[in-house]
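One letter stands for each residue in the lines below.
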Amino acid sequence: MMNAEKQEIKVRRVSSRKRSRDSLKSHLTPAKKRGSTSLGQCPDSTENGVFTGAMADIKATEVCYYCSDNEDLFGDYDSILGDSSFLAKLDCAEQDERRHDSLLKQACDDVLTDSILDDFREESLKDLPATQREFQEEVLEGAKRDKRREGDKTSTPFRNTVEEETERAFGNRTASSPKAKRRVTDQLKRALLCNAAAPSSVSRTAVLKEAVVSEEISFAMQAMETVSAETTDLGPFFGLPTKVKDLICKLKGIKNLYDWQETCLNLDCVQERRNLIYSLPTSGGKTLVAEILILRELLCRKKDSLFILPYVALVQEKVRGLASFGLELDFMVEEYAGSKGRFPPVKRRNRRSLYIATIEKAHSLVNSLIETDRLDNLGLVVVDELHMLGDGSRGAVIEMTLAKVLYASKTTQIIGMSATLGNIKDLQTFLRAENYTNDFRPVQLREYVKLKDSIYEVDPKEEDCFKFSRPLNFKYSSSMQKIDPDHIIALVTEVIPTHSCLVFCPTKKNCENVAGMICKYLKEEFLLHKEAEKAVLLRELRNSGNGSVCPVLRKTVPYGLAYHHSGLTGEERKLVEDAYSDGVLCLLACTSTLAAGINLPARRVILRSPYVATDFLKRSQYKQMVGRAGRAGIDTIGESILILQDKDKTMAKKLVSAPMEICYSNLMHDNGKGVLSLILSLIGLNITSSLEQVKDFMSATLLHVQERQLCVERSLGETVQECVGLLKEKGLVAVSADARGEILQVTRLGKATYKGSVDLTYSDELYKDLSKGLESLMLDSFLHLVYLVTPYDLISQCKPDWMIYFRQFTLLSTSEQKMSAAVGVPESFVARKAAGQTVKKNMNPVVVKRLYLALVLFNLLKETNLWSVAEKFQLSRGFIQTLLSSSSAFCSCVLHFTEELEEFWPFKALLAELTRRLSYCVTAELIPLMEVAGVMESRAKQLYNAGYKTLAHLANADPSALAKNVENLYKKQANQIVASAKMLLNEKAAALQEEVDDLLMMPLDLPQL
Ligand SMILES: Nc1ncnc2c1ncn2[C@@H]1O[C@H](COP(=O)(O)OP(=O)(O)OP(=O)(O)O)[C@@H](O)[C@H]1O
Ligand SMILES: [Mg+2]
């Protein structure tokens, strides 16, 4: 109820009189409506952007949803201004109030004074129930905010200056003043909120004002209700309120949109909500465009949006970054990564949701929306790094997700961001999308190669490709020449420590060696550079390792250097990345994983060799790496240097001048696993129920677009038929017949398999293991359950150390040993292996290895110390981290699998708790803090020790106090933590509220007398 009230108040903003339409046709009106550039032309002729025309097969019905009945993009704005009696009285009362109330004159130096960054605690609210308190707090906060606003509107010139400046910067050329409009909204909101809050000390002027306007308010509200019901446009910033651009300025520090961003947002196809792929080089600023479009979908069309990112860390970063937008603009930001996310998502009556998801979670989310017939609520799907369609099994999952959205919803728009590709047309055909391409880079990139003692500039237009640039200046002793024959030290010391440098290395070990080697020859002065900050970093690294710190980092960090690869724990990686971004570290020796998606630019990028492990670099990998060169706003140029040996020269020439990479469908990857699981879920979700329908669906996939190249031995139709046969054979799909012919249906096992996103190869085995597990489930420790959720696909990477295995085995309790013997690993076997004896009896190696991995996890759950477990099992902490996160993800898959199979009922409660434990793997009291996006163990410990013990503590924290109370926590990070915590708390409360509402709803079909 309360939510509904608040929402209503927020959307009412319109008047009884609209502005004349012609006067409103600004540059923000879609080009088509202004009668300017037609499709296929770039509206801004000065740009070198290329915009390819609409696909021929786009149906007219899919074209115009955005502006269909709302051509007037600004019609809802300043019309109240026309009603002089009402406004004049409001203004008059306001002025009066200002003169008399000195409190309201306080200046405020912040553009966004009503921001979430403000403290909203109120002593008097302590005793209220939580939901009521939240509402009351908002009311009071609203009142406080308005006071501050009024104060600064007249007395603080700075606010005006900033507003004008940002307005100018963002090219606001509308005739109306958004500030005036906002003021009207605020005034109304204030009046209503004041009523709701029933303030005890109402000023004389407020009473007067109330008397003057009370009648007119109800009249105005009625008028607004009518207009707001038919309008979707909220303001002058690409259809969004001015507040959005202020937030972008404040929270992201971006004042001006790049020209290409503005052009792209103004494209007809964007205005008309057609699907779009836009491709630009790395660091081109693609994300901002997507975020503006997402906000538009959430705020203007009031539809949910899904933002798909490739990695968990990126999802968490985005959730942290957008939580403040959600709080300010009243939408939910929900994390779908790792074991987080609800399927189907909670229905929210009053607010829209932005789901930020990894590739896999996005797929499950879309499945659950289709299953509950809610896909139409999803207005927009944005895919970052769309070229990952060509990336093995993950690419197949993206393709399935998008194909399902295209097939099952005609109103969901799809936007893909991509690196420049050679066959973008294929993707366009698949997605029925337009394409916008631009080669914009905020910082110019110069590419070089190093051969022997010389540097050559890369120029693919030159005959030789490499043009001599300069000799490399260095003085090496003979011992140094031996240790560093590639002159890496000479190359890096040209830039560090003043500028930053990334050295990409072919292997993980090489990263560590290179970082260590460079340090050996750096001068003492390097130790003095940012000495104190480096000491803090080392302390934090030590905290994150529960007292242990990596010996390589211990040596390199004092010089400002570190390595970065998947062998670091997530927490170490984050600390290293942050320190590099802040300039505390000036060089990272890293593997190619750093190049994907993370925004860590450098003045100079060095590619230590043209290989990743033993494979020669692919063009896309090369482009990703060199693309990191040049930090926008700091460097004027960025440079990359590829170190070459003579033998690699010819290949390297091909590499730098090769045509763009081609992106192929991966549904046939790994013996067609993608096609198999796609068909299973299509049948399970009732999207298709006959072979013909399956074939029809498949003809709308990327695989179909590329059938000629990819289905060489047999046609796609034949492949589909074969796959359906295979699914029947595996007992996942069954056939029944009716008058219309054969009907395909999933079996119980089939349903559990697709619902749990369980790999088809293992679903049988999983079923058997779980069944056997039920016969004698051992519950006096976690070992048995952990064994049942140890991922099958990691088993092949496990090589038990028999001595360690035996030692661990002897530490198990009698019941744990009994359970181990029951699954197939008796103590005698492990003892013999440890003693180096041959074992005649045939043991199942899969079970033996799986139990070994389970022992690692079991130890982790007990000790919660990754470092000591890594040492105990002589495994790298990176592997242990991977094992842990894969297990928690698989545990939640198994949970969904068992939910579909009645016989597995006992597992439901057990696995829900186990998923939670595996996800966080910390002592129980830290879990609520770690639920907040991006809060890792050592930060959670710091917060806990500083007295922030629950989610509510964090959500209600004052960011300044938080930053002061917690060592080395910057204000910006504190703001993000508080914003994310508030968002999570809101989300949890809203979910409970929805449940309450559902429970209390009167059934429509209640039998009557
Ligand atoms: N208009 C702008 N003005 C200044 N900085 C901007 C602008 N737009 C984006 N940026 C900044 O540029 C940086 C790179 O942007 P972004 O991450 O969106 O690049 P990208 O195109 O997605 O590159 P990649 O392919 O590497 O993911 C970010 O730090 C972002 O905040
Ligand atoms: Mg990006």
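Residues numbered from 1 in each chain as written. Chains lettered and ligands numbered in written order. Predicted model: local features only at pLDDT ≥ 70, side-chain atom pairs only at ≥ 80, totals over all residues. Heavy atoms only, no water.

## A short note on the overall build of the protein
Per the secondary structure count, the protein includes 44 helices and 20 strands. The buried share of the protein, reckoned over its 1009 residues, is 54%. For the protein, restricting intrachain contacts to residue pairs at least 6 apart in sequence, the fraction spanning at least 24 positions comes to 73%. As displayed, the protein has an accessible area near 44,000 Å², and 52% of this comes from carbon and sulfur atoms. (Helix = DSSP H or I, 4+ residues; strand = E, 2+ residues; numbered from the N terminus. Buried < 20%, exposed > 50% of the residue type's maximum accessible area, 1.4 Å probe, protein only. Contact = heavy atoms within 4.5 Å. Areas by Shrake-Rupley, 256 points an atom, 1.4 Å probe, with all protein chains shown as cover.)

## What about the site of ligand 1?
By nearness alone, 14 residues border ligand 1, and Asn 256, Ser 283, Lys 286, Thr 287 and Asn 599 come closest of all. The separation between a nitrogen atom of ligand 1 and a polar main-chain atom of Asn 256 is 2.7 Å. A distance of 2.9 Å is found between an oxygen atom of ligand 1 and a side-chain nitrogen or oxygen belonging to Lys 286. Burial of ligand 1 by the surrounding chains reaches 78%, relative to a free accessible area of 630 Å². (Near = heavy atom within 4 Å. Polar contact = N/O pair within 3.5 Å; in protein donor to acceptor, adjacent residues only side chain to side chain.)

## Digging into the sheet that holds strand S15 (residues 604–607)
Pairing in this open sheet of eight strands is mixed, and the strands run S11-S10-S9-S18-S15-S12-S14-S13 from one edge to the other. Of all strands in the sheet, those with a lone pairing partner are strand S11 (466–471) and strand S13 (561–564), marking the two edges. Pairs of neighbouring strands in the sheet enclose a mean axial angle of 25 degrees, with direction left out of account. Examined bridge by bridge, strand S9 (residues 444–451) and strand S10 (residues 454–458) share four bridges and lie antiparallel to one another. (Pairing = 2+ DSSP bridges. Axes fitted to C-alpha atoms, helices over the stretch in contact; angles between N-to-C directions.)

## Topic: unusual backbone geometry
A cis amide bond links Phe 343 to the next residue, Pro 344, at an omega of -10 degrees. Along the chain, Pro 344 falls in the loop between strand S4 (332–336) and strand S5 (353–357). The peptide bond linking Ile 496 to Pro 497 adopts the cis configuration, its omega dihedral lying at 5 degrees. Looking at the element boundaries, Pro 497 is found in the loop between helix H17 (488–493) and strand S12 (501–504). For Asn 546, which is not a glycine, the phi torsion comes out positive at approximately 50 degrees. Locating Asn 546 in the fold gives a position in the loop between helix H20 (531–544) and helix H21 (551–556). Positive phi values are uncommon outside glycine, yet Cys 921 reaches one of about 45 degrees.

## Side note on the environment of Val 319
Assignment of secondary structure puts Val 319 in helix H12 (residues 312–329). Note: C-alpha distance between Val 319 and Ala 979 (660 residues apart in sequence) is 9.8 Å. Discounting residues that sit within four places of it in the chain, Val 319 has contacts with Val 333, Glu 335, Ile 356 and Ala 933.

## A closer look at the pattern of salt bridges
Tallying each qualifying case throughout the model produces 37 salt bridges. The residue Glu 434 makes a salt bridge to Arg 274 at a minimum N-O spacing of 2.8 Å. With Glu 434 in strand S8 (residues 433–437) and Arg 274 in the loop between helix H10 (268–271) and strand S2 (275–279), this residue pair connects regions lying 160 residues apart in the sequence. The two residues Glu 434 and Arg 274 agree in class, both being buried. The salt bridge involving Asp 304 is made with Arg 352; its shortest N-O contact spans 3.1 Å. Of this pair, Asp 304 sits in strand S3 (residues 304–308) while Arg 352 sits in the loop between S4 and S5, and the two are 48 residues apart along the sequence. One exposure class covers both Asp 304 and Arg 352, and it is buried. Taken together, the shared-partner salt bridges in this structure form one network comprising Glu 371, Lys 751, Lys 755 and Glu 900. (Salt bridge = Lys/Arg side-chain N within 4 Å of Asp/Glu carboxyl O.)

## Details of the packing of helix H25 (residues 669–684) against helix H26 (residues 691–698)
Running from N to C, H25 and H26 cross one another at 120 degrees; their axes reach a closest spacing of 11 Å. One element, H25, and the other, H26, form an angle in the oblique class. Both H25 and H26 take part in a crossing whose hand is right-handed. Residues Val 675, Leu 678, Ile 679 and Leu 682 of H25 form the contact with H26, whose own contacting residues are Val 694, Phe 697 and Met 698. For the contact of H25 with H26, the per-class residue count stands at seven nonpolar, no polar and no charged. (Parallel < 35°, antiparallel > 145°, perpendicular 65-115°, else oblique. Left-handed = near helix turned anticlockwise from the far one by under 90°. Nonpolar A, V, L, I, M, F, W, Y, C, P; charged D, E, K, R; others polar.)

## Regarding the pairing of strand S7 (residues 413–418)
For S7, the tally of buried residues reaches six of six residues, placing the bulk of the element in the interior. Going residue by residue along S7, you find Gln 413, Ile 415 and Met 417 tucked away on one face and Ile 414, Gly 416 and Ser 418 tucked away on the opposite face as well. Alignment of S2 against S7, held across four bridges, turns out to be parallel. By the bridge assignment for S7, Ile 277 is matched with Gly 416. The pairing of strand S6 (residues 378–383) with S7 spans four bridges and is classified as parallel.

## Re helix H22 (residues 570–581)
Given 3.6 residues per helical turn, the α-helix brings residues three or four places apart onto the same face. With twelve residues, H22 should reach 16 Å at 1.5 Å per residue; the first-to-last C-alpha distance of 16 Å fits that figure. Along H22, the residues that are buried comprise Gly 570, Glu 571, Glu 572, Leu 575, Val 576, Glu 577, Ala 579 and Tyr 580. (Expected span 1.5 Å × (residues − 1).)

## Describing the confidence of the model for the protein
When pLDDT is averaged along the protein, the result is 79; 77% of the residues meet or exceed 70. Mean pLDDT per element in the protein: helix H1 (residues 2–11) is the minimum at 34, and S3 is the maximum at 98. With pLDDT under 50 throughout, residues 1–136 is counted as low confidence; its partners more than four residues away or in other chains account for 288 contacts. When the criterion is pLDDT under 50, residues 211–231 qualifies, and its contacts beyond four places in sequence or with other chains add up to 32 contacts. (pLDDT = per-residue confidence, 0-100.)

## A closer look at H12
Under the 1.5 Å per step criterion, the end-to-end length of H12 is 25 Å for 18 residues, consistent within 8% with the ideal 26 Å. Summarising burial for H12: 13 of the 18 residues are buried, a large majority. Positive backbone phi, approximately 65 degrees, marks Asp 330, located one or two places after H12.

## Comments concerning the packing of helix H31 (residues 760–775) against helix H38 (residues 877–899)
For the pair H31 and H38, the least separation of the axes is 12 Å and the interaxial angle reads 75 degrees. By the angle between their directions, the pair H31 and H38 is classed as roughly perpendicular. The residues of H38 that touch H31, namely those facing Ser 763, Leu 766, Tyr 767 and Leu 770, are Phe 890, Val 894, Phe 897 and Thr 898. Broken down by class, the residue content of the contact of H31 with H38 amounts to six nonpolar, two polar and no charged.

## A word on the environment of Asn 986
With respect to the helices and strands, the residue Asn 986 is situated in helix H44 (residues 971–1000). With 653 residues separating them along the chain, Asn 986 and Val 333 place their C-alpha atoms 9.9 Å apart.

## Focus: the pairing of S15
The alternating pattern of S15 places Arg 604 and Ile 606 and Val 605 and Leu 607 on opposite faces, both of which are buried. Note that S12 and S15 share four bridges and pair parallel. The residue bridging Phe 504 from the neighbouring strand is Leu 607, located in S15. Pairing of S15 with strand S18 (residues 637–644), which is carried by four bridges, proceeds in the parallel orientation. Looking at the pairing, Ile 606 lines up with Ile 641 of S18.

## Observations concerning the packing of aromatic side chains
In the structure shown here, the tally under the stated rule is 18 aromatic pairs. On the numbers, 5.5 Å between centres and 65 degrees between planes, the contact of Tyr 336 with Phe 343 is edge-to-face. Of the residues examined, Phe 343 reaches a relative accessible area of 25% and is grouped as partly exposed. Residues Tyr 767 and Phe 904 carry aromatic rings whose centres are separated by 5.2 Å and whose planes lie at 55 degrees to one another, so their mutual orientation is tilted. Placement of Tyr 767 in helix H31 and of Phe 904 in the loop between H38 and helix H39 (905–920) is noted, with a sequence separation of 137 residues between them. Overall, Phe 904 belongs to the buried group, its relative accessible area being 0%. Three or more aromatic residues link up through ring pairs in this structure, and these residues are Trp 802, Tyr 805, Phe 829, Tyr 852 and Phe 873. In this structure, Arg 850 is placed above the aromatic ring of Tyr 787, and the distance from its NZ or CZ to the ring centre is 4.9 Å. Over the ring of Tyr 792 we find Arg 850; its NZ or CZ atom is 4.1 Å from the centre of that ring. (Phe/Tyr/Trp six-rings, centres within 6.5 Å; stacked < 30°, edge-to-face > 60°. Lys NZ or Arg CZ within 6 Å of the ring centre and 35° of its normal.)

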